[in-house]
Amino acid sequence: MPTVSAHVAHTLAAHLDHVFGLMGNGNAYFLDAIERETDVAFTAVRHEAGGVVAADAHFRASGRIAAATATYGAGFTNTLTALAEAAQARVPLVLVVGDEPTSGRRPWDVDQIALASAVGARTYTVGRTDAATTTVLAIEHALSYRVPVVLAIPYDVAARDAGEITAAPDLHLPTPLQPAGPFGASVISDVAAALAGASRPFLLAGRGAWLAGAGDALGDLGDATGAVTASTALGRGVFPDARFDLGVTGGFGAEGAMGLVREADVAVVFGASLNQFTMRFGDLFAPGTRVFQVDVAPAATHPNVGGYLRGDAAIAARAIVDALDELGAEASGWRESLDLVPLREQPAAPRESGLADDGRLDPRAVARRIGELLPEDRVVVSDGGHFIGWANMYWPVASPDRMIMVGTAFQSIGLGFPSVPGAAAAKPSSTIVLTTGDGGGLMALADLESAVRSAGGRGLAVVWNDAAYGAEVNLYGLKGLAPEPMLIPETSFAGLAAAVGAEGVVVQTLADLDALDEWAARPAAERPFLLLDCRISGTVVAPYQEEIIRVNS
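Residues numbered from 1 in each chain as written. Predicted model: local features only at pLDDT ≥ 70, side-chain atom pairs only at ≥ 80, totals over all residues. Heavy atoms only, no water.

K.L.:
An account of the packing of aromatic side chains is requested, with residue identities and associated values reported.
P.N.:
This structure, assessed with the given rule, holds five aromatic pairs. Relative to F285, the ring of F202 has its centre 6.1 Å away and its plane inclined at 65 degrees; by these criteria the two rings are edge-to-face. Of this pair, F202 sits in strand β7 (residues 201-205) while F285 sits in the loop between β10 (266-270) and β11 (290-295), placing them 83 residues apart in sequence. The class for F202 is buried, based on a relative accessible area of 1%. Overall, F285 belongs to the buried group, its relative accessible area being 3%. (Phe/Tyr/Trp six-rings, centres within 6.5 Å; stacked < 30°, edge-to-face > 60°. Helix = DSSP H or I, 4+ residues; strand = E, 2+ residues; numbered from the N terminus. Buried < 20%, exposed > 50% of the residue type's maximum accessible area, 1.4 Å probe, protein only.)

Structure, rendered in structure tokens:
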């Protein structure tokens, strides 16, 4: 008869199509049922954290929830950093784990419910008679609140008979949040009136606007107001008309573009939390700018916001467009009066050779050249570290689901390589481009193999190899702290890549990047995973990091 684990597997299979993880004692029966009895694809990773990271990246790249799986005890505790990242980044996923038996904790068990709660994840524990219902409740919770959940299978019930499998229960999810009552209507009128009277209107959108499907409504709002637009790092490409878009705000933004934002007299922000990096530590808007925010959070998320509207970004943007039409408002004409192309330009390396003062490669020159060579149909996945500025500044992507930054919410490193399997499964025809540092790359080395195996010839990794933890060097080395703990013996990532079946190339001059040009010209089915081991200078500091240094000095 079907087991409890089989009921969990069949119920998940009705609502998702991919599981990532690693087998152990606690999830063996679950994975057996996934493989033998469902059409769900399973991708094995080599470290338990990698399963959660891959499921996280899969959602960010596809908008479809995925599951991760690990065993109990040490397998579960290995997932905690990745689980904390998903919780802080508001990414829904289901982590299926083994757990202590119902008879009580064994010497090697830990309080997994408390550990999950400590990093922001709720646990649902299945039993012999409620496995399907509990699984649906876990999925509903993840999708309704945009958070990861843990679905625990006690060790002594995993293989118990649970009766015949029936059709999986349907999901009941909340509808998009409507601006509420007379107050909401009043704020919509205020925003519309402010935009109608603005001579320099500006619209900013974040990942929340993308998840709400607000692109078309925001495009219409831009047309109705003549607004210049921009996005957060996780919302890039949400506005449909790139001609009037400044790119990313904050430390990743071009200096000229950020200067123009400060000229805006009215700014309306959709689906963006306005964190310190987006807001340039409070300097994004000029003191005279009137700032409105539209979001599903209970209240405004930055003190510079003067008017707040709680509601779905797409619904609110459409309502503002309708209110402008009722007012008979005309577009400001501001954006048509500007030449935005030079304002979007990022700085070039000072030397034509691409070398920095110490004779190693200037990362700006490397990033610019790689950006020229990358396939157009690409998804960029980023680890955490100093280097995140280079991909964000020089490698544009078509939409928010094509720049995946797993680790930034929790300020973690070491989640880069396992992001590749998730993105590769979510975008099966695109080139998956990983950007990682040598510190984070070494930390995630177990899943270098997972990345190479899952992406194959669609996979490319760029390792920014400066033989150091660059962010620490910039923040603390400049303060005179001992440099030795900040340094890493230079490691051959090209050699490590070759050991797991990839092509590894040491990049010490710009000419060495011709290997990428040749790789990109070949059909994906006829080429290996490519890893570029870029030996860069640690003396060049990314602009966003300069902002952090300035604030902390």
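K.L.:
Outline the layout of surface pockets, supporting the account with residue identities and numerical values.
P.N.:
Size it by volume and the second largest pocket reaches roughly 740 Å³. Contributing to the lining of the second largest pocket are 26 residues, with L246, G247, R344, M393 and P396 lying nearest its centre. When contributions to the lining of the second largest pocket are tallied by element, the ones reaching two or more residues are β9 (245-248), α13 (363-373) and α14 (388-394). In terms of residue count, β9 provides more of the lining of the second largest pocket than any other element does, four residues in total. (1 Å grid on protein atoms, 1.4 Å probe; cavity = no way out; pocket = protein on both sides within 12 Å on 5 of 7 lines; lining within 4 Å. Points joined across faces, edges and corners; volume = space filled by probe spheres on them.)

K.L.:
Tell me about the nonpolar core, residues and numbers included.
P.N.:
Ranked by internal contacts, the top residues of the largest apolar core, which has 50 residues, are L95, V150, V381, F417 and L531. Considering each element in turn, this core owes the most residues, eight residues, to helix α3 (residues 48-62). Once you skip the residues sitting within four places of it in the chain, L95 turns out to touch V52, A68, T69, A70, F76, T79, L83, V149, V150 and L151. In this structure, L516, V540, A542 and Y544 belong to the second largest nonpolar core, which totals 40 residues. (Core = buried A, V, L, I, M, F, W, Y, C linked by side-chain atoms within 4.5 Å. Contact = heavy atoms within 4.5 Å.)

K.L.:
Could you give an account of the environment of V305, naming the residues involved and the relevant values?
P.N.:
By the element assignment, V305 lies in the loop between β11 and β12 (307-310). Relative accessible area serves as the criterion here: at 15%, V305 is assigned to the buried category. In this structure, V305 is in contact with L274, V291, F292, Q293 and A300, ignoring residues within four places of it in sequence.

K.L.:
Lay out the pairing of strand β13 (residues 378-382) in plain terms, naming residues and giving numbers.
P.N.:
Of all five residues in β13, five are buried; the element is thus mostly enclosed. Residues R378, V380 and S382 of β13 are buried on one face, and the alternating residues V379 and V381, pointing to the opposite face, are buried as well. As paired elements, β13 and strand β15 (residues 431-437) share five bridges and run parallel to each other. Directly across from V379, in β15, lies its bridge partner I432. One ladder, built from three bridges, connects β13 with strand β14 (residues 403-405); its direction is parallel. Counted as the bridge partner of V381 is I404 from β14. This β-α-β element, β13 to α14 to β14, shows right-handed connectivity. (Pairing = 2+ DSSP bridges. Right-handed = clockwise from strand over helix to strand, strands pointing away.)

K.L.:
An account of the pattern of salt bridges is needed here, citing residue identities and associated values.
P.N.:
Side chains that differ in sign of charge can pair as their charged atoms come close. Under the defined criterion, the tally for this structure stands at 24 salt bridges. For D377, the salt bridge identified is with R402, shortest N-O distance 2.9 Å. In this pair, D377 sits in the loop between α13 and β13 while R402 sits in the loop between α14 and β14, placing the two residues 25 residues apart along the sequence. Residue D377 is classed as partly exposed on the basis of its relative accessible area, which comes to 34%. (Salt bridge = Lys/Arg side-chain N within 4 Å of Asp/Glu carboxyl O.)

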